[in-house]
Each structure stands twice: as C-alpha cells, then as structure tokens.
Amino acid sequence: MRKLYKREGINKVVLVSGDGDYFKMVDFLIKENKLEKILFPARKKASSLYRGLAPKYFDSIDNPDIKRKIIYIKNKK
C-alpha cells in the first residue's frame, strides 16, 4: 500500500472493511492525512482495533447519507 500510495499520489482513500487486518494501513493513512473514511459493513461486528478511531474517520454503509452517495442505479430499458 505504501508503494502504491507514494507512486500514485493518492488524494484521499475510502476503505470498506471492518476487518482489523487493515488497521495498520488505516493508522498510516490517518497520519498521512489521506484517509477520508473507513466504511464498516456492520459497525457492531467491526474489529475492536477500531474502537479508538475518531468518529470523523468512520461510518457505516447502512447510514442513509452514505447509502445515497454510493448507491448504483441501473438504467431501465
């Protein structure tokens, strides 16, 4: 991730996961001011590693505001 981050010049990252395996990457992105949000598919089942995360860095996919931003609407023919 660090190599990709440095090479691509990423502005902000949105990660969809609740898995604690990504905690180090989330921590790195926060320190680099590159994390927009981590979206948890199920907030109650998210790893305990994220409990100390500031609310501005996370949200739930079930949040209606978030759903509205990411919803895909298929064109009817």
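For the structure itself, look to the data block above.
As the structure is a prediction and not an experimental result, all values here were calculated from the model.

(A) Just unusual backbone geometry, in detail. Non-glycine residue Asn 33 carries a positive phi angle of around 60 degrees. Tracing the backbone through its elements, the reader meets Asn 33 in the loop between α2 (23-31) and β2 (35-40). Judged by its relative accessible area of 52%, Asn 33 falls in the exposed class.

(B) Representation of the pattern of salt bridges. Scanning the entire structure with this criterion turns up two salt bridges. Lys 31 is the salt-bridge partner of Asp 27, the closest N and O atoms lying 3.2 Å from each other. Of this pair, Asp 27 and Lys 31 are both found in helix α2, four residues apart, which corresponds to roughly one turn of the helix. Note on Asp 27: relative accessible area 31%, which makes it partly exposed. With relative accessibility at 64%, the residue Lys 31 sits in the exposed group.

Cut-offs and rules
Residues numbered from 1 in each chain as written. Predicted model: local features only at pLDDT ≥ 70, side-chain atom pairs only at ≥ 80, totals over all residues. Heavy atoms only, no water. Helix = DSSP H or I, 4+ residues; strand = E, 2+ residues; numbered from the N terminus. Buried < 20%, exposed > 50% of the residue type's maximum accessible area, 1.4 Å probe, protein only. Salt bridge = Lys/Arg side-chain N within 4 Å of Asp/Glu carboxyl O.

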